[in-house]
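# Tertiary structure, described
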Amino acid sequence: MSRRARTTVNVNYVDLDSDEDSQIGQISNRYQVDNEEEWTPPEPKPLPSVSAASKKRPSKPKVPKSEDAKRGTKPPKAGLKRQKPESNANAQAGDVQSRSTQAGPSIRTKEERMSLAVSKSEPGVQEGLSFAGLTAKKEEEDDDDDENFTFDEPPLKKQKTGCRSARQSKQSQLVVKGELNMNWDPIEVLSTLSCVERWVCANVVTLLREENTVPFMVRYRKDMINHMDADAVRDVQLVYEELCGLAKKTQSVITTLKKDGVLTTELEKSLRSCRSADELDHVYTPYKKGCKVTKVRKAKALGLEAAAAALIEAPHMLDFRTWVKPETDGLSSVEEVSTGVLHILAYTIAKDPETLTYVKTLCENDDVSLHSSVTRTALKEKEEKSKSSDKKPASQKNKKQDVDKFHLYFDFTSTVRRVQPHQTLAINRGESLKILTVKVNIPERVKQNFMRWCINNRWKPKTYAREEHQALIKDSVEDSYKRLIVPFLSRTYRTNLTKAAEKESVAMFVRNLRQRLLVCPVRGCAMMGVDPGFRHGCKLAILSPTGQILHTDVVYLHGFRNDREAEKLRQLMLKYNCSRVVIGNGTACRETEAFFADLIAKHYFHPLDVSYCITNEAGASIYSVSPEAVKEMPDLDPNLRSAVSIGRRVQDPLAELVKIDPKHIGIGTYQHDVSSAALKAALDGVVQECVSFVGVDINICSEILMRHVAGLNTGRARSIAEWREQNGPFLNREQLKLVKGMGPKSYQQCAGFIRINQTAHSAKSAPPPAVPAKAAAKKVKGKSNATVATHFNPLDQTCIHPESYDVAQRFLTLIGGSASQIGSVHLKRSVDQKVASSGMDELSGRLGTTPETLRLILDGLTQPPGFDIRQDFGQEDFKRGIVSIHDLQAGTVLTGRVDNTCLFGAFVDLGVGRSGLIHKSKLTLDKLPVSQRRRSLALGPGDRVEVRVLNVDAQRGRISLDLVRVLH
């Protein structure tokens, strides 16, 4: 797939301002509005025309016959309809294309996402890939599991590439269409909106309906999803969920209209043909109960619909005087009759799919612009407050600052194609604060071309029309355009721009969080976590190499007796052999850093070679008072828990950061402008992806970490922890089947991501003891007769799924190896020789599996025990000195680490107390590695870069940087 459109999300506002916002987040807020003037976005390529796109698409699937048609009777005529079925289908297909392209710059034509799968992708998969039949979604019961299950039989036949019979594929798609009950093919629309091949969309929908998780699909069903990464699969999932939500809302609207007695066959068909929420609202709004009676409903109630139809079909026979009823309001004169007909015809024109498609095409070929201006109220308040700035209270000062933040948008105009995502979000925020007013400007020539086409083509009378009838048709077209179509187009443009900007912002959050979670852990040494502070001192926590709390204390490093505190630090570090210090980036961070840097420069901790690093402490205070922290550290003061969390964030970032709500980790920007539900769903998905792909040792990981493994939840994680406490460590993955609530689907989803690393008791030559009798008592109904092995299986410490154990064993037999040799040099050499001599395709055919699955098996066999994919990611930089912002000058070249990225650039921590900004205009392709040139977000947190200082504004705390190169 060469092109991929971004999916859409709904937006509300989220307030994430708290004491836990990092310095980087505060700096980004200062840059997010003021820096747009530094660059000019490139001119985008013209979008394809609707007519060309619609010709390439198949026609709309046939609508099932109505009950009237089945009985052989003709349905009653309702409204005006002139287009032929073929043109209607093409128009609706073109309508989809126009909706998918109106977002302008939000659609990334080529985008490469980072995949965390251990094995490399194979680029060739046949398009006719098979997929299992659809089954009804079923919630897995925690307490009732009446089936024993096993993966002894090779299930890989389900994964073979190549197309199943067309009959099976059509049947599966018909099930989806039948459940949604819309007049369009869900798989076809899903493929169009997500820019993913149709067969891939069908397989993704099938896998989702079978309750497969995204990490499971990305790692163990690669051939079915054409090697898409997790982000791409989630995009398809979001679009599919939106289509399901649209179908549900449509059915609710139809039910409501049926109760109100206003539903007609034509109206129901129009509702079921809607492909977006905006279209549905456009059709449904005139019939909403509780709103005032619209002009068209009033005219239709007077019986003027036939007169409006006659105006187009047979105007030579139409005489408005025959419709006059002097005693009836609305029909008392020819003028009132003409006005009613005008309203009906204007409404019919505005709802006609062919007409809407044509006007959208005109807009796409012209320069529709977005204009924002300051409101009179905000401007007046600003002028009044500027006169008495010294006397106003703090709250009013903050409000004035909010007004000043939007000064770039006081008179801002840009075509919708060139509006950047961060500009859209800033404008939306200013509008919600009533500081800005926003308008979509459609050129006058669009109106002229539209009216000419309507009068001379689409709505041209079929027979001779008198001059007054021609004038009425012209007035109807003009009224429809001005009163109905322009507001609809404006809403559509604003909605598309907002959705695209929100999607871009969420994608930025996702990538930032992924790279923050996958920072390489620092293991094998004791570590001191420091939560800096002035008045209440610096909180310390010394942690063992495994994260156990060895000592906690409070020292006052910024007072008169800091020499005594320095000696106390020296004694603690010598006692626990601690040579690494982790300092939180909150209050007093730079002062604490300077204190340690000075001691290190004087070799104060000799003979220890001490170094330190700065880490983001966002969310540490929130976590320290959470129920999880209280349960984990019940006897520890909350302030000291923060120091423990800061130290563990460097020892094992993934295990520690999963304890904190992702939105409090201090990543990304525009937290206020993205809906809480959309942001949480995206970030939770990334956490699950990272935890699953890294893998967890089920015998030592925390319950909180287990919750994020694919296939597990809070209840199952608690059951696993309880089973582990009662029966001792797990000896193999098979024993997971004995855990309460672990059904076949849950076991299938989580088994490949859970590790049973070889421990002391499993390494003994003697076989391990059988499962204690009390374990049998905890078995749920249906599991009492399950036979589970009680010996250690070396394959359980790899990424190989239990369903592939049979294939792995047959391959080991083929090369003369054994599972006990996993990760050894000898086995790796044997595997390489066999693959080189036979080839991957031939081997997979002999073993009865797919090349993708075999490649994953070979990775699991050749990787050393305890392999961690995070070793390919950077870790925290430990330093021994410090520089100040005053030491920087233009032209200075230095290294730093990306701390945060946003929609307009990347912030780099240089170790000077303020992060510098690399504006997006400086992120040119020639400065990026080849692997990152096709990404929409070139840099991410943790990337080490070499930068050149362009400008330093010490008074405002701003450092402008230019990217020299990315370091590895």
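This is a predicted model, so every value here is computed, not measured. (Residues numbered from 1 in each chain as written. Predicted model: local features only at pLDDT ≥ 70, side-chain atom pairs only at ≥ 80, totals over all residues. Heavy atoms only, no water.)

## Describing the overall build of the protein
Assigned secondary structure in the protein consists of 36 helices and 15 strands. Split into buried and exposed, the 968 residues of the protein put 54% on the buried side. In the protein, of all internal contacts separated by at least 6 residues, the share reaching a separation of at least 24 is 76%. By element, 50% of the accessible surface of the protein is carried by carbon and sulfur atoms, the whole surface being about 44,000 Å². (Helix = DSSP H or I, 4+ residues; strand = E, 2+ residues; numbered from the N terminus. Buried < 20%, exposed > 50% of the residue type's maximum accessible area, 1.4 Å probe, protein only. Contact = heavy atoms within 4.5 Å. Areas by Shrake-Rupley, 256 points an atom, 1.4 Å probe, with all protein chains shown as cover.)

## Let's talk about the pattern of salt bridges
The tally for this structure, following the rule as stated, stands at 39 salt bridges. Taking the shortest distance from any N to any O, the salt bridge between Arg272 and Glu268 comes out at 3.2 Å. Of this pair, Arg272 and Glu268 both sit in helix H10 (residues 265-272), separated by four residues, roughly a single helical turn. The closest approach of N and O atoms between Asp868 and Arg523, which form a salt bridge, is 3.8 Å. (Salt bridge = Lys/Arg side-chain N within 4 Å of Asp/Glu carboxyl O.)

## Points about the nonpolar core
The biggest cluster of nonpolar side chains holds 159 residues, and the ones touching the most others in it are Met228, Leu271, Phe450, Ile720 and Ile754. Per-element accounting of this core gives the leading share, 14 residues, to helix H20 (residues 467-517). In this view, Phe450 contacts Ile349, Thr355, Tyr358, Val359, Leu362, Val477, Tyr481 and Ile485; residues no more than four positions away in its chain are not counted. Judged by nonpolar contacts, the second largest core, of 26 residues, contains Val530, Cys538, Cys589 and Leu608. (Core = buried A, V, L, I, M, F, W, Y, C linked by side-chain atoms within 4.5 Å.)

## As for the pairing of strand E12 (residues 905-909)
For E12, a buried count of five out of five residues is recorded, marking the element as mostly surrounded by other parts of the structure. Residues Gly905, Phe907 and Asp909 of E12 are buried on one face, and the alternating residues Ala906 and Val908, pointing to the opposite face, are buried as well. Here strand E11 (residues 893-902) pairs with E12 via five bridges, running antiparallel. Bridged to Asn900 within E12 is Phe907. Connecting the antiparallel pair E11 and E12 is a turn made up of two residues. (Pairing = 2+ DSSP bridges.)

## As for the confidence of the model for the protein
Overall, the predicted model of the protein reaches an average pLDDT of 77, with 73% of residues at or above 70. Counted against residues more than four places away or in other chains, residues 1-169, with its pLDDT under 50, gives 380 contacts. In this model residues 760-782 is a low-confidence stretch, pLDDT under 50, and it forms 28 contacts with partners more than four residues away in sequence or in other chains. (pLDDT = per-residue confidence, 0-100.)

## As for the packing of aromatic side chains
Overall, the coordinates contain 10 aromatic pairs when judged by the stated rule. Taking the centre distance of 5.3 Å and the plane angle of 65° together, the rings of Tyr409 and Phe412 count as edge-to-face. Given the relative accessible area of 13%, Phe412 is considered buried. Here Phe693 and Phe753 contribute two aromatic rings whose centre-to-centre distance is 6.3 Å and whose plane-to-plane angle is 55°, an arrangement assigned as tilted. Within this pair, whereas Phe693 is found in helix H27 (residues 676-694), its partner Phe753 is found in the loop between helix H30 (744-751) and strand E10 (754-755), the two being separated by 60 residues in sequence. An aromatic cluster is present here, built from Phe216, Tyr220, Phe693 and Phe753 joined pairwise through their rings. Looking at Arg458, its charged tip hangs above the ring of Trp459, at a distance of 4.5 Å from the centre. (Phe/Tyr/Trp six-rings, centres within 6.5 Å; stacked < 30°, edge-to-face > 60°. Lys NZ or Arg CZ within 6 Å of the ring centre and 35° of its normal.)

## Side note on the sheet that holds strand E2 (residues 411-415)
Strand order in the open sheet formed by three strands is E2-E1-E3, and the pairing between neighbours is antiparallel. A single partner strand is all that each edge strand has here, and the edge strands are E2 and strand E3 (436-441). Taken pair by pair, the neighbouring strands of this sheet meet at an average axis angle of 15°, ignoring direction. Strands in contact with helix H18 (residues 421-432) are strand E1 (369-374), E2 and E3; relative to E3, the strand with the most contacts, it is inclined by about 125°. Packing against the sheet, H20 makes contact with E1 and E3, and its axis sits at approximately 115° to E3. (Axes fitted to C-alpha atoms, helices over the stretch in contact; angles between N-to-C directions.)

## Structural notes on the packing of helix H9 (residues 230-260) against H20
Helix packing geometry: the angle between the two helix axes and the distance between the axes. Contact pair H9 / H20: the axes reach a minimum separation of 13 Å and the direction vectors enclose 145°. Pair H9 / H20 crosses with right-handed handedness. The segment H9 lies against H20, with Asp231, Arg234, Asp235 and Leu238 engaging Lys503, Val510 and Arg514. When the residues that make up the contact of H9 with H20 are grouped by side-chain class, the tally is two nonpolar, no polar and five charged. (Left-handed = near helix turned anticlockwise from the far one by under 90°. Nonpolar A, V, L, I, M, F, W, Y, C, P; charged D, E, K, R; others polar.)

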